[in-house]
Amino acid sequence: MEKLNEKEQETLTKTQTQIEEHFRRMVEGIKDYSIISLTLDGHVASWNKGAERMFGYAANEILGRHFSLFHTKEQLKNGRPESLCKDAIKNGSASDENWRVRKDGTQFWVNVVITAQFDSAGKLQGFSKVSRDFTERKQKEKELNNELAISVKDLATASADMVVRNQELATSVKDLATANADMVVRNRELLAANEELKSFSYSVSHDLRTPLRAIDGFSLALLEDYGDKVDATGKMYLDKVRAAAQRMSRLIDDMLVLSRINTREIAIEEVDLSLLAKEVDDELRLLEPKRKVTFTSIPHAVVQADKELMRAVVINYMSNAWKFTSKLPEAKIEFGKTKDAYFIKDNGAGFDMTYVKKLFHPFQRLHGTEFPGTGIGLATVQRIIVRHGGQVWAEGAVGKGATFYFTLRGK
Amino acid sequence: MDKVILLVEDNPDDEMLTMRALKKNNIKNEVVVAHDGVEALDYLFGTGAYAGRDMKIMPKVVLLDLKMPKVDGLEVLQKLRANPHTKNLPVVVFTSSNEEQDKIKSYNFGANSYIRKPVDFNDFIEGTRQLGLYWLVLNEPPPFTN
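Residues numbered from 1 in each chain as written. Chains lettered and ligands numbered in written order. Predicted model: local features only at pLDDT ≥ 70, side-chain atom pairs only at ≥ 80, totals over all residues. Heavy atoms only, no water.

Undergrad: Could you give an account of the pairing of strand E2 (residues 31-34) of chain B, naming the residues involved and the relevant values?
TA: The side chains of a regular strand alternate, residue by residue, between the two faces of the sheet. Residues and elements named next belong to chain B. As paired elements, strand E1 (residues 4-8) and E2 share four bridges and run parallel to each other. Bridging from a neighbouring strand, Leu-7 pairs with Val-33 of E2. In this fold, E1 hands off to helix H1 (residues 12-24), which returns the chain to E2; that crossover is right-handed. (Pairing = 2+ DSSP bridges. Helix = DSSP H or I, 4+ residues; strand = E, 2+ residues; numbered from the N terminus. Right-handed = clockwise from strand over helix to strand, strands pointing away.)

Undergrad: Would you mind going over unusual backbone geometry in detail, with residue names and values included?
TA: Residues and elements named next belong to chain B. Look at Asn-26: it is not a glycine, yet its phi comes out positive at around 60 degrees. Not every positive phi belongs to a glycine, and Lys-70 is a case in point at roughly 60 degrees. On the accessibility criterion, Lys-70 (69% relative accessible area) is exposed. (Buried < 20%, exposed > 50% of the residue type's maximum accessible area, 1.4 Å probe, protein only.)

Undergrad: Describe the layout of surface pockets, listing the residues and the values that go with them.
TA: Considering only enclosed or pocket space, the second largest pocket measures out at about 380 Å³ in volume. What lines the second largest pocket is a set of 15 residues, among which Lys198(A), Arg260(A), Glu99(B), Glu100(B) and Gln101(B) lie closest to the centre. For the lining of the second largest pocket, the secondary-structure elements that each account for two or more residues are helix H6 (135-207) and helix H8 (232-263) of chain A together with helix H4 (100-108) of chain B. (1 Å grid on protein atoms, 1.4 Å probe; cavity = no way out; pocket = protein on both sides within 12 Å on 5 of 7 lines; lining within 4 Å. Points joined across faces, edges and corners; volume = space filled by probe spheres on them.)

Undergrad: Lay out the interface of chain B and chain A with the relevant residues and their values.
TA: Across the boundary between the two partners, chain B contributes 23 residues, which contact 21 residues of chain A. Taking both partners together, chain B and chain A bury about 1900 Å²; carbon and sulfur atoms supply 53% of that area. When residues of chain B are sorted by the area they lose upon contact with chain A, Arg20(B), Glu99(B) and Val119(B) head the list and together hold 32% of the total. Remark: the boundary between chain B and chain A carries five salt bridges. Across the pair Arg242(A) and Asp120(B) runs a salt bridge, and its minimum N-O distance is 3.1 Å. Across the contact surface, chain B and chain A share eleven residue pairs in polar contact (both at pLDDT 80 or more). Of all elements in the fold, only H1, H4 and helix H5 (121-138) of chain B reach the threshold of two or more residues within the side of chain B that touches chain A. (Contact = heavy atoms within 4.5 Å. Buried area = accessible area lost by both parts, 1.4 Å probe. Salt bridge = Lys/Arg side-chain N within 4 Å of Asp/Glu carboxyl O. Polar contact = N/O pair within 3.5 Å; in protein donor to acceptor, adjacent residues only side chain to side chain.)

Undergrad: Break down the packing of H8(A) against helix H11 (residues 377-387) of chain A for me, with residues and values.
TA: All names here are of chain A. As a packed pair, H8 and H11 sit with axes 9 Å apart at the nearest point and diverge in direction by 5 degrees. Comparing their axes, H11 and H8 come out roughly parallel. Between H8 and H11, the contacting residues are Val-257, Leu-258, Ser-259, Ile-261 and Asn-262 on the first element and Ala-379, Thr-380, Arg-383, Ile-384 and Arg-387 on the second. Taken together, the residues of the contact of H8 with H11 break down into five nonpolar, three polar and two charged. (Axes fitted to C-alpha atoms, helices over the stretch in contact; angles between N-to-C directions. Parallel < 35°, antiparallel > 145°, perpendicular 65-115°, else oblique. Nonpolar A, V, L, I, M, F, W, Y, C, P; charged D, E, K, R; others polar.)

Undergrad: With reference to specific residues and values, describe the pattern of salt bridges.
TA: This model, assessed by the stated rule, comprises 30 salt bridges over all chains. The salt bridge partner of Arg291(A) is Glu288(A), with a shortest N-O separation of 3.7 Å. Note on Arg291(A): relative accessible area 16%, which makes it buried. The partly exposed category is assigned to Glu288(A), whose relative accessible area is 33%. Taking the shortest distance from any N to any O, the salt bridge between Asp14(B) and Lys117(B) comes out at 3.0 Å. Here Asp14(B) is found in helix H1, whereas its partner Lys117(B) is found in the loop between strand E5 (113-116) and H5, with 103 residues between them in sequence. The pair formed by Asp14(B) and Lys117(B) is uniform in burial state, with each residue classed as buried. What emerges from the salt-bridge pattern is a single network uniting Arg213(A), Glu9(B), Asp14(B), Asp65(B) and Lys117(B).

Undergrad: Describe the packing of aromatic side chains, listing the residues and the values that go with them.
TA: Residues and elements named next belong to chain A. If you walk through the whole model with that rule in mind, you get 19 aromatic pairs over all chains. Taking 6.5 Å as the distance between ring centres and 70 degrees as the angle between the ring planes, the aromatic pair formed by Trp-47 and Tyr-57 counts as edge-to-face. Here the residue Trp-47 occupies a position in strand E2 (residues 44-47), and Tyr-57 occupies one in the loop between helix H2 (49-55) and helix H3 (59-62), the gap between them amounting to ten residues. Residue Trp-47 shares its accessibility class with Tyr-57, and that shared class is buried. Look at Phe-351 and Phe-404: their rings are 6.0 Å apart centre to centre, the planes differ by 50 degrees, and that puts the pair in the tilted class. Of this pair, Phe-351 sits in the loop between strand E10 (342-346) and H11 while Phe-404 sits in strand E12 (residues 402-406); the two residues are 53 residues apart in sequence, bridging distant segments of the chain. Between Lys-138 and the ring centre of Trp-109, over which it is positioned, the NZ or CZ distance is 3.8 Å. (Phe/Tyr/Trp six-rings, centres within 6.5 Å; stacked < 30°, edge-to-face > 60°. Lys NZ or Arg CZ within 6 Å of the ring centre and 35° of its normal.)

Undergrad: Would you mind going over the side chain of Asp306(A) in detail, with residue names and values included?
TA: Residues and elements named next belong to chain A. Position of Asp-306 among the secondary structure elements: in strand E8 (residues 302-306). Overall, Asp-306 belongs to the buried group, its relative accessible area being 1%. In this structure the side chain of Asp-306 is engaged in a polar contact, spanning 3.0 Å, whose partner is the backbone nitrogen of Glu-308. With residues up to four places along the chain from it excluded, the contact list for Asp-306 reads Arg-264, Glu-265, Ile-266, Ala-267, Ile-268, Val-271 and His-388.

Undergrad: Which residues make up H1(B), and what values go with them?
TA: Helical geometry: 3.6 residues make up each α-helical turn, so side chains three or four residues apart lie on a common side. With 13 residues, H1(B) ought to run about 18 Å at 1.5 Å a step, and its terminal C-alpha atoms sit 18 Å apart, in line with that. Next to the buried residues of H1(B) lie helix H7 (209-225) of chain A together with E1, E2, strand E4 (91-95) and H5 of chain B. Of the residues that open H1(B), the one with a side-chain oxygen 2.8 Å from the backbone nitrogen of Asp13(B) is Asn11(B). (Expected span 1.5 Å × (residues − 1).)

Undergrad: Go over empty space enclosed by the protein, please, and point to the residues and values.
TA: This structure, assessed with the given rule, holds two cavities of 30 Å³ or more. Counted as a void, the largest cavity has a volume near 60 Å³. Contributing to the lining of the largest cavity are Ile5(B), Leu22(B), Val61(B), Leu63(B), Thr128(B), Leu131(B), Gly132(B), Trp135(B) and Leu136(B). Looking at the lining of the largest cavity, the elements with two or more residues in it are strand E3 (59-64) and H5 of chain B. Ranked by the residues each element gives to the lining of the largest cavity, the list is headed by H5(B), at five residues. Residue composition of the lining of the largest cavity, grouped by class: seven nonpolar, two polar and no charged. In this structure, the second largest cavity encloses a volume near 50 Å³. Taken together, Ser34(A), Ile36(A), Phe55(A), Phe70(A), Arg100(A), Val110(A), Val112(A), Lys129(A) and Ser131(A) make up the lining of the second largest cavity. Contributing elements (two or more residues each) for the lining of the second largest cavity: strand E1 (34-39), strand E4 (107-118) and strand E5 (124-133) of chain A. Considered class by class, the residues forming the lining of the second largest cavity number five nonpolar, two polar and two charged.

Undergrad: Give a detailed account of the side chain of Ser96(B), specifying residues and quantitative values.
TA: In this structure, Ser96(B) sits in the loop between E4 and H4. Taking relative accessible area as the criterion, Ser96(B) reaches 1% and is therefore assigned buried. Polar side-chain contacts of Ser96(B) include one of 3.4 Å to the side chain of Thr210(A).

Undergrad: Pulling in residues and values, what's your account of the sheet that holds E2(B)?
TA: Residue and element names in this part refer to chain B. Pairing in this open sheet of five strands is parallel, and the strands run E2-E1-E3-E4-E5 from one edge to the other. Two strands lie at the open edges of the sheet, namely E2 and E5, each paired on one side alone. Ignoring strand direction, the axes of neighbouring strands in this sheet form an average angle of 20 degrees. Inspection of the sheet shows E3 paired to E4 by three bridges, in the parallel sense. Opposite Val-62, over in E4, you have Val-91 as the bridge partner.

What follows is the structure, given as structure tokens:
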């Protein structure tokens, strides 16, 4: 190559300087990246605007100072900066993401690429470092991680709870199955007992009556055929024998009714109690047409109940009212309703409230032979009403009449 | 008289009382007593103990008890209703029982009437009187084809 003359040399040098100046200003002007260079031993050789913004040092403050200034105490202890440089020398470049320290002492998160700079002969001249501030990204990462940690913890807790709940459920299911099995057994036992009771009642109805009939019939036969051989007392005894047999027959009938209340299946339907009461009143009037009885009733007393059983209740209460007013010249019987209960009220013989508790027990009578009856009727009523989920009670005073109440479920 | 009453009754007390009641009511018809279902069917079909009897003589009414040993009343009823020779016979079920199921079955199997035997003997006598009046006097029996 020809040697350049002085003027040519000057132009070349000027052009090179211009190019270098151009590049210097370009690097210098970049604000978002910190682009700096370090000497071999780590002192700051150049410092751009980006570095100023990022690290907080002005160029004239930091030039010539050691780059360890930018690292945390811990990093320095671990020898991180040196190992980064070594990597850069070995591989040409090294990258890192970690904390760096600003001029004011605060830390920020940086993403940095360190490049080893060699001259044309391959000799190490220094290092360049291009850094990006990823503090915000790091912060977001940290927040996300925190949220994730919380979610994981919550999930673990919820999971543990669910395991416990599952165990509880399994125990409950087992208990339920046992209880169910028990109930099936109990149900079978109850059904069997019910059937036994039904067939017992059935055979009682037939087998007890036949001997009773014999007692009554042959006593009468004795009276009729051998009457002349029997004196008045003897005749009285035989009459008592017959009366006792007939009474026993009525008792059997009543007891059967009572037991049947429990074994019968209840059929719930709409029942008009007022209509029932009117029907019963008509029937009672037919049986005793000569009696003067005034019957008043509330209209449309409609309930949900077993019709036949309610008929038994109304018949019972109203027959009692008719029976215990039979000694009055004019009787008054009323079918009514209080807020919660229905009642049959009469102005008849009444009863002593002292004995009110005995009223509804089977065979407990408060009137001896004054008024006929086996004492079963009210016990039957109570059983029917109890089966409907209701209650019975009564109020009265001797000679001043009585009121008999009943309620049904839900009333 | 060609007006036989067939009384199907296993209880000797009830048999005696029924006979007494019929007598008290001046019912003089011949009463054939069968003491269980087998005897009743033997009489009605002319078999067993009654083999060879004059089958032109059939009861004007059958008083049938229900609860009997061997063959009970309902079975007798079913069998006699199934046989063309006896199916129109008037049958009065005469029993202690007033159970629903007995009534239903009796009528289902073709009883003409269901009467409950009362305990009070006076009622028994009165009941028998009315029975006798109705079935032996008032009621027209079915004609028999022999």
